[in-house]
Amino acid sequence: MVAGSLRWVPLFGSAVVVLGMGLVGCRKGPSPKAAAKIDADQVIERMRTRPVPAGLQAKYKIRIEGPGAGGSTRGAMMVQDPDHLRLEVLTPLRTPLLTVASDGTSLHAWSQQHATFYRGDEAATVLAEVTSGAVNISDVVTLLTGGLPFPTAPVLATGGEEGGVELLLGGPDDTRMRAVVAPWRGFVRLLEVGKALTPGGLEMGPPILQVEVLEAVRVGKYILPQELVITLPTLGWTVEMSFTSWTVLDEVSPVFVLPAPKGAKQADLVETLQEIGEKHKESGGTTAGAAVPAPSQREQLE
């Protein structure tokens, strides 16, 4: 972050974008061909049994663009499979500017900049506000490490997409999750989450969340993101993360419970996110992009 030249208000919202984890518009679902014709069954099985280390630590550069805030800085992240996460955004002196943590149940944020503790006693409630209930904290951990989230979601359709296999998954309340998997390297290149245009339909409306992995890197036997872009149109946030290092941890420090510092101001995290969304909407901010062509459909990958 370039001190004095960037605005970071409210910075914590960008970190929740990372937790809530482009192209927005009306999409048709992939052609509902038999999965075996494109070996989608094998791809799904491989992704859902993908080896995951018990713990990971990462350092990253992060660029954030959103209403009233923007700029670049560095940060650190620690995850413990399946649903523990800690993110820190750092000052130029490498001291914490913002900390977000989840122990699998709660999801809290502490802004040192504003001396405010944003309380989210129920992680599911916080993420429901951001993703309409489609994503839980274990899905966030999976996405940040390049895996296929929604392990029990039914596969509604499959298709071919340039450079990968396209999957359409069904979520709660007619939510749809479109994933493009790079089958040979074994990571999710693109994930979009939105609502079905019609009840039970395969067509997906404007995505409320997009996560795109631009580059991946091998760390031992694991394939992990190197360049990651997260877009959340309803809040007007775009987050770019460039991971500079990944470390596989044999032992994970107990750093996922985030207590409110003594004397800190406190605010409700869900209510704060609602306020950000309303302000973005009232300011005329874009919540959905123009329609985009449906993805090409092929029975077999070329």
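Nothing here was measured: the structure is a model prediction, and the numbers come from that model.

Novice: Please set out the packing of aromatic side chains residue by residue, giving values where relevant.
Specialist: Under the definition given, this model contains two aromatic pairs. With a centroid separation of 6.0 Å and 75° between ring planes, the pair formed by Y60 and F243 is classed as edge-to-face. A residue pair is termed long-range when its members are at least 10 positions apart, and Y60 in strand β1 (residues 55–66) and F243 in strand β13 (residues 237–249) qualify at 183 residues. Both residues of the pair, Y60 and F243, belong to the buried class. Three or more aromatic residues link up through ring pairs in this structure, and these residues are Y60, F243 and W246.

Novice: How would you sum up the nonpolar core? Please name residues and give values.
Specialist: In this structure, M77 and L85 are the most contacted members of the largest nonpolar core, which totals 68 residues. Leaving out residues up to four positions away in the same chain, M77 has contacts with L56, Q57, A58, Y60, L85, R86, L87, L144, F243 and W246. A101, W110, L258 and A264 belong to the second-largest nonpolar core, a separate cluster that totals five residues.

Novice: Would you mind going over the environment of L191 in detail, with residue names and values included?
Specialist: Topologically, L191 is positioned in strand β10 (residues 187–195). Taking the relative accessible area as the measure of exposure, L191 reaches 1% and is therefore buried. Spatially, the C-alpha atom of L191 lies 9.5 Å from that of L167, the residues being 24 residues apart in sequence. Contact partners of L191, with chain neighbours within four places excluded, come to L143, P149, F150, R178, A179, L209, Q210 and V211.

Rules behind the numbers
Residues numbered from 1 in each chain as written. Predicted model: local features only at pLDDT ≥ 70, side-chain atom pairs only at ≥ 80, totals over all residues. Heavy atoms only, no water. Phe/Tyr/Trp six-rings, centres within 6.5 Å; stacked < 30°, edge-to-face > 60°. Helix = DSSP H or I, 4+ residues; strand = E, 2+ residues; numbered from the N terminus. Buried < 20%, exposed > 50% of the residue type's maximum accessible area, 1.4 Å probe, protein only. Core = buried A, V, L, I, M, F, W, Y, C linked by side-chain atoms within 4.5 Å. Contact = heavy atoms within 4.5 Å.

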